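Residues per chain, in single letters:
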Amino acid sequence: MNHLPQAWGRPRDDVYGAYDASYLQTSGPKQATQQPIVTGTSVIAMKFNEGVVIAADNLASYGALARFTDVKRLRVFLDSSVVGFSGDVSDMQYLDRHLNELAIDEAYDLETAATKDTSKPSGKLNAANLHKYLQKVLYKRRSDFDPLWNQILVAGFDAASKPFLASVDLRGTAFTSPSLATGFGAALAQPIMRNYAATEEDAARLTREEAVNVVKDCMKVLFYRDARSLDKYSIAVVTKDGVELKENEQLERQSWAFAERIKGYGTQTV
Amino acid sequence: MFRNNYDNDSVTFSPQGRIFQVEYAAEAVKQGSVVVGIVSDTHAVLVGLKRNAEELSSYQKKIFRIDEHVGIAIAGLTSDARVLSQFMKTQCLAHRLHFGRDMAVFDIVNRIGSKAQINTQHYGKRPYGVGLLVAGVDATGPHLFEFQPSGMTEEMTAFSIGARSQMARTYLEKNVEAFAKCSREELIRHALKALKESLVQDRELTVENTSVGITGVVTAEDGTRTVEPFKVYDGQEVAAWLEDGMDVDP
Amino acid sequence: MTSIGTGYDLANSIYSPDGRNFQVEYAVKAVENGGTSIGIRCKDGVVLAVEKVIASKLLKPNANKRIATVDRHLGIVYSGMIPDGRHLVDRARDEARNHRDTFKSPIPTRDLANRMGGYMQAYTLYQSVRPFGVTAILGGFDSDLEQPVDGEVGSGPSCGGGGKVEGQKHGGPWLAMIEPSGTYWGYYGAATGKGRQAAKAELEKLNLAAGEITIKEAVKEAARIIYIAHDDNKDKDFELEMSWISGSDGPTKGKHVEVPSDLLAEAEGLARKAIEKDLEGDDEEEKDKMEE
């Protein structure tokens, strides 16, 4: 038997025939990101009568490993919008730095006054502008076959000062809805949020308190059923007055009683 | 041939710290026919005097639309203006594509300013031989900017550039306090009167030689903003302003 | 030795027999015709101010800002050829952004001064370009706090980042002035432009090196100095523009921002009073002399 290091971990030639090394290309097309590595799970958000509430847990997973438990995935932009990232965390960091530079660009000429007159329109980049921009960035990267592996929710206001909420993913696909969720949340949280805000009209009738409670309930459901989630989370409320971001929230009043009734997998024998 | 040793190119300072080539380029602006711009709290208007090369030829355009919300009036080398206008158009379009909003007027103006400055600092380049008045509306309201071949850009409440423009500026200075509260029509009449001031004797403003460009934003009581897209008025479209506007006080 | 007529002053990067680059000296002349700019470094921040001569009644009042923000914590003001100054500001912003890209942190003020100095110096080296016709005053406040790296997620290791040593004081206010030659120096009080002589004389009286003045006081001093440096006889009216940067515990929260309008108005009011007093003082002196 061949014990040389180059044969380690390979099927034995005498058993399986000569090794087909053709897939191990030394030359060939550039291989860009083909999968996310360290990931964040769902981001969920919904509109209410005078703003948007958005939440994401504080976990960054390395595969199935709960690797980092204090990762803040909601980022504030210009005190007026919030961007929630799911998917690859390093790509999120890249985008965060990119948005930081964009925010500095915006501040060159518009935010020089310390006493800002809020009654006058400032013309600064709003959430709708920001979402459009992120869509272009992500679509450009997927067209270069080097995608930024994220699905992103943008919460804030549009040019008409109406609450704004929209999604964009690693392919540059963009859409909007009164409530939105990425990842597992799209299956688990979205139906719950739609119970309360199926249409824009419904969302416009919700109060801030109601919306926050719905989102908190959804975070709990996600923690119950999503194995890549955490009970520590961040939640932000965007209104005309600005952004209220809380980054160290704990899921309260958890009840795992339902788990008793789940049968058919895991270590259960009955 | 040259006035002195320091005016051959735009990379040589004179002992007084001047760059003659840039100053000469500014002279080219004064060769162009006159244009006037004014802003109020709601509108920005440009008017210009068009020239024809000879009796039977057409009149050279003076006012150009850049984007939905911005237009320019030019004085000087028209071909240089076309380069700048093309640049402004692509910048506005790219901004609209990337961000889904109108580009701020100061932003467009700064960009042509930076572009023009490069031409004043490198051998083998020449400064642009054109001055612009840039009028537009953005989220902060209507604006008027002056652009010079040096790359200097300044926001004005009203201004005029081109041949004999000093006469127009004198008119504007006399009335500058009134412009902010002017209506759309009053503003146009002020601009046309300023334009008329700088005409040589026996010349009149006619539907052939007068051009008007307007953009504005009207905010309703509930806060909704309606933008009047920049539009150039020529020929018979300006007849009404010329007929009933020129003799009455705006 | 005169520069004119020798031929050594006709192109950039040419040495005269006594080792001077006249084109750079002529660029300085362009600066000396510009409106006065000053910068004051205080114990808790930096104040920048500029005299904007109003060349025409048709200029929009309080528009046309001359003090530029380069990064959140950095500002530049300049005297001389304004389009050159704008170019320089664009470059400074690029440098600040590149620093963030590379180091994931804001550029320290002195590093930016160094980059800008290098850039301006490069424009003295070739016959194909001309030097910048501006002198720039750069003010910044490098954060004295433990700051997250740009794009940082989570809290990271608890030991200090960015090469900081525990217990040692880091960051703080900094002020530099960069000349057309690319030379730059750190300053406590810097002045350039038309009224620099008068401004420098006033700055020297403030004993800035002692580090006792606060930015709130410096705002008033800066306004007064610009008013003193303004030459009533030669120049038309002017506008005063001022900005300031404090640390994170100060009034601007570590950001470079315009001085608030009420404080600006107060400072201008005091400046006008101070000038009137000066004039009265002069009159009395003259009267005294007459009596003698």
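How each quantity is defined
Residues numbered from 1 in each chain as written. Chains lettered and ligands numbered in written order. Predicted model: local features only at pLDDT ≥ 70, side-chain atom pairs only at ≥ 80, totals over all residues. Heavy atoms only, no water. UniProt positions renumbered as here; feature names shortened; annotations may be inferred. Helix = DSSP H or I, 4+ residues; strand = E, 2+ residues; numbered from the N terminus. Rg over C-alpha atoms; globule rule 2.2 N^0.38 Å. Buried < 20%, exposed > 50% of the residue type's maximum accessible area, 1.4 Å probe, protein only. Contact = heavy atoms within 4.5 Å. Areas by Shrake-Rupley, 256 points an atom, 1.4 Å probe, with all protein chains shown as cover. Pairing = 2+ DSSP bridges. Axes fitted to C-alpha atoms, helices over the stretch in contact; angles between N-to-C directions. Buried area = accessible area lost by both parts, 1.4 Å probe. Salt bridge = Lys/Arg side-chain N within 4 Å of Asp/Glu carboxyl O. Polar contact = N/O pair within 3.5 Å; in protein donor to acceptor, adjacent residues only side chain to side chain. Nonpolar A, V, L, I, M, F, W, Y, C, P; charged D, E, K, R; others polar. Core = buried A, V, L, I, M, F, W, Y, C linked by side-chain atoms within 4.5 Å. Left-handed = near helix turned anticlockwise from the far one by under 90°.

The name given to chain C in an unreviewed UniProt entry is Proteasome subunit alpha type, with Rhypophila decipiens as the source organism. Of chain C, the UniProt comment under Subunit (unreviewed entry) reads exactly: "The 26S proteasome consists of a 20S proteasome core and two 19S regulatory subunits."

Per an unreviewed UniProt entry, the recorded name for chain A is Proteasome subunit beta, and the organism is Rhypophila decipiens. Listed under Function (unreviewed entry) in UniProt, the entry text for chain A is "Non-catalytic component of the proteasome."

Remarks on the overall build of chain C
From N to C terminus, chain C includes 6 helices and 10 strands. Compactness check: chain C gives a C-alpha radius of gyration of 21 Å against a globular reference of 19 Å for 292 residues, within 12% of the reference. Each principal axis of the C-alpha distribution contributes one length, and for chain C these read about 75 × 50 × 40 Å. Relative to its full complement of 292 residues, chain C shows a buried share of 50%. Excluding contacts between residues fewer than 6 apart, the proportion of contacts in chain C whose partners are at least 24 apart in sequence is 69%. Surface accessibility of chain C: about 13900 Å² in total, with carbon and sulfur atoms responsible for 50%.

So, the sheet that holds strand β10 (residues 225-233) of chain B
Residues and elements named next belong to chain B. Across the sheet, 5 strands lie side by side as β8-β1-β2-β9-β10; this open sheet has antiparallel pairing. Both edges of this open sheet fall to β8 (158-161) and β10, since each of them pairs with a single strand only. Direction aside, neighbouring strands of the sheet carry axes that sit 5° apart on average.

Regarding unusual backbone geometry
A positive phi is found at Leu78(A), a non-glycine position, where the angle reads about 50°. Backbone geometry places Asp202(B), a non-glycine residue, at a positive phi of 75°. Turning to its location among the elements, Asp202(B) is positioned in the loop between α5 (184-197) and β9 (210-219). Judged by relative accessible area, Asp202(B) falls into the exposed class, the value being 77%.

Focus: the interface of chain C and chain A
Contacts between chain C and chain A engage 20 residues on the former and 22 residues on the latter. Interface of chain C and chain A: buried area, both sides summed, is about 1800 Å²; carbon and sulfur atoms make up 46% of it. Glu101(A) is paired through a salt bridge with Arg97(C); the nearest N and O atoms lie 3.5 Å apart. Counting every contact that joins chain C to chain A gives 2 residue pairs in polar contact (both at pLDDT 80 or more). At the level of secondary structure, the elements contributing two or more residues to the side of chain C that touches chain A comprise β3 (68-71), α2 (82-103) and β10 (256-258) of chain C. Of the residues assigned to the side of chain C that touches chain A, the class counts are 4 nonpolar, 6 polar and 10 charged.

Comments concerning the nonpolar core
By size, the foremost hydrophobic cluster in this structure holds 47 residues, and its most contacted members are Val36(B), Ile38(B), Val45(B), Leu172(B), Leu192(B) and Val212(B). For this core, the leading source of residues is α5(B), giving 6 residues. Excluding anything up to four places from it in sequence, Val212(B) contacts Val45(B), Leu46(B), Val47(B), Ile63(B), Ile188(B), Leu192(B), Lys231(B), Val232(B), Tyr233(B), Val238(B) and Trp241(B). Core analysis: the next-biggest nonpolar cluster, separate from the first, contains 31 residues, Ala199(C), Ile215(C), Ala229(C) and Leu263(C) among them.

A few points about the pattern of salt bridges
Taken as a whole and judged by the stated rule, the model has 40 salt bridges over all chains. With a closest N to O distance of 3.0 Å, Glu244(A) and Arg208(A) form a salt bridge. Pair noted here: Glu244(A) is in strand β13 (residues 242-250) and Arg208(A) is in helix α7 (residues 208-225), with a separation of 36 residues, a long-range link. Residue Glu244(A) is classed as partly exposed on the basis of its relative accessible area of 44%. On the basis of relative accessible area, Arg208(A) is assigned to the partly exposed category, the value being 29%. For Asp102(B), the salt bridge is made with Arg96(B), and the minimal N-O distance between the two is 2.9 Å.

Things to note about the packing of helix α4 (residues 196-205) of chain C against helix α5 (residues 215-229) of chain C
Residues and elements named next belong to chain C. Interaxial distance between α4 and α5 falls to 8 Å at its minimum, and their mutual angle equals 145°. Like other packed secondary-structure pairs, α4 and α5 cross with a definite hand, here right-handed. Residue-level contacts link Ala 198, Ala 199, Glu 202 and Leu 203 of α4 to Arg 224, Ile 225, Ile 228 and Ala 229 of α5. Per-class residue counts for the contact of α4 with α5 are 6 nonpolar, no polar and 2 charged.

Here's the deal with the UniProt feature "domain: Proteasome alpha-type subunits" (unreviewed entry) in chain C
UniProt's feature table lists "domain: Proteasome alpha-type subunits" (unreviewed entry) at residues 8-30 of chain C, given in the numbering used throughout. Annotation note: span residues 8-30 of chain C, helix share 39%, strand share 0%, distance between end C-alpha atoms 19 Å.

Comments concerning the interface of chain C and chain B
Taken together, the contact pairs 33 residues of chain C with 34 residues of chain B. Roughly 2700 Å² is buried in total at the junction of chain C and chain B, and carbon and sulfur atoms are behind 58% of that figure. One can count 1 salt bridge joining chain C with chain B. A salt bridge links Lys60(C) to Glu155(B); the shortest N-O distance between them is 3.2 Å. Inspection of the chain C/chain B interface yields 11 residue pairs in polar contact (both at pLDDT 80 or more). Residue contributions to the side of chain C that touches chain B peak at 6 residues, all from α2(C). Here the side of chain C that touches chain B is built from residues that sort into 16 nonpolar, 9 polar and 8 charged.

Comments concerning the pairing of strand β9 (residues 238-246) of chain C
Residue and element names in this part refer to chain C. Here β9 lies mainly inside the structure; 9 of its 9 residues are buried. Along β9, one buried face is formed by Phe 238, Leu 240, Met 242, Trp 244 and Ser 246 and the opposite face, lined by Glu 239, Glu 241, Ser 243 and Ile 245, is buried too. Bridge analysis of strand β2 (residues 45-53) against β9 gives 9 bridges, and the strand direction is antiparallel. Its bridge partner being in β9, Gly 45 is matched across the sheet by Ser 246. Pairing of β9 with β10, which is carried by 3 bridges, proceeds in the antiparallel orientation. Residue pairing for β10: Trp 244 is matched across the bridge by Val 257.

A look at the sheet that holds β13(A)
All names here are of chain A. Taken together, 5 strands build an open sheet; the order of strands is β11-β2-β3-β12-β13 and the sheet is antiparallel. Looking at the sheet topology across the chains shown, the edges are occupied by β11 (179-181) and β13. Mean inter-strand twist for the sheet, computed between neighbouring axes without regard to direction, equals 10°. Direction of pairing for strand β12 (residues 232-239) relative to β13: antiparallel, over a ladder of 7 bridges.

Topic: the side chain of Lys47(A)
All names here are of chain A. Topologically, Lys 47 is positioned in strand β2 (residues 43-48). Looking at Lys 47, its side chain comes within polar contact range of the side chain of Glu 200, at 3.1 Å. Beyond its immediate sequence surroundings of up to four residues, Lys 47 is in contact with Val 52, Pro 163, Phe 164, Leu 165, Ser 177, Pro 178, Glu 200, Ala 203 and Leu 206.

Comments concerning the side chain of Glu95(C)
All names here are of chain C. With respect to the element layout, Glu 95 can be found in helix α2. Glu 95 gets classed as buried once you look at its relative accessible area, which sits at 6%. Separated by 2.6 Å, the side chains of Glu 95 and Arg 115 make a polar contact.

Brief notes about the environment of Leu133(B)
On the secondary structure map, Leu133(B) appears in strand β5 (residues 130-138). Separated by 11 residues in sequence, Leu133(B) and Leu144(B) place their C-alpha atoms 6.9 Å apart.

A look at helix α1 (residues 22-32) of chain C
For the α-helix, the turn length of 3.6 residues means that residues three or four positions removed from each other point alike. Residue and element names in this part refer to chain C. For α1, every residue scored as buried is listed here: Phe 22, Gln 23, Val 24, Tyr 26, Ala 27, Ala 30 and Val 31. Taken together, the buried residues of α1 touch β4 (74-80), β5 (134-142) and β8 (189-192). Sitting at the amino-terminal end of α1 is Asn 21, which places a side-chain oxygen 3.2 Å from the backbone nitrogen of Gln 23.

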